[in-house]
Amino acid sequence: VQACDSRGEIIIKGGHDEHIWIAIEDNGSGIAKADLVKIFDPFFTTKPPGKGTGLGLAVCQRIIIEAGGTIEVESLSGEGSVFQLVFEKNMLI
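Quick caveat: nothing in here was measured; it's all calculated off a predicted structure. (Residues numbered from 1 in each chain as written. Predicted model: local features only at pLDDT ≥ 70, side-chain atom pairs only at ≥ 80, totals over all residues. Heavy atoms only, no water.)

**Q** Would you take a moment to explain the pairing of strand β1 (residues 10-16) for this structure?
**A** Two faces make up the sheet, and in a regular strand the side chains alternate between them. Of the strand pairs in this sheet, β1 and strand β2 (residues 19-26) are connected by seven bridges, and their pairing is antiparallel. Directly across from Ile10, in β2, lies its bridge partner Asp26. Counting the residues between successive antiparallel strands, the hairpin from β1 to β2 contains two residues. (Pairing = 2+ DSSP bridges. Helix = DSSP H or I, 4+ residues; strand = E, 2+ residues; numbered from the N terminus.)

**Q** Quick question: what am I supposed to make of the sheet that holds strand β4 (residues 80-88) here?
**A** Hydrogen bonds along the backbone pair up the strands of a sheet, which may run parallel or antiparallel. The antiparallel open sheet is built from four strands, whose spatial order is β1-β2-β4-β3. Either end of the sheet is taken by a strand with one partner, and the two such strands are β1 and β3 (69-76). Looking at each pair of strands side by side, their axes are set apart by 15 degrees on average, direction ignored. Note: β3 against β4, eight bridges, orientation antiparallel. By the bridge assignment for β4, Glu72 is matched with Gln84. Where helix α2 (residues 56-66) meets the sheet, it contacts β3 and β4, and its direction lies at approximately 140 degrees from that of β3. (Axes fitted to C-alpha atoms, helices over the stretch in contact; angles between N-to-C directions. Contact = heavy atoms within 4.5 Å.)

Listed below in structure tokens is the structure:
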């Protein structure tokens, strides 16, 4: 939501095949290529001081990994991002 302007869209999709997956897509500002390798690092943020701790994605990644899943991101600066969460079916039973 913070990466989208007032006309931004967030699309949530899900499904299952050999895995259970959830994809969250936006048409916001995207993530700079140089930042993509750092976005899951604790305390990494591109926000100004006092506007974020840089812990949100690090905490999300840890929870997902501890649940037996993975989180992946695809993003182009200026075009938006897609975060995909993937879980093994037997891990959620």
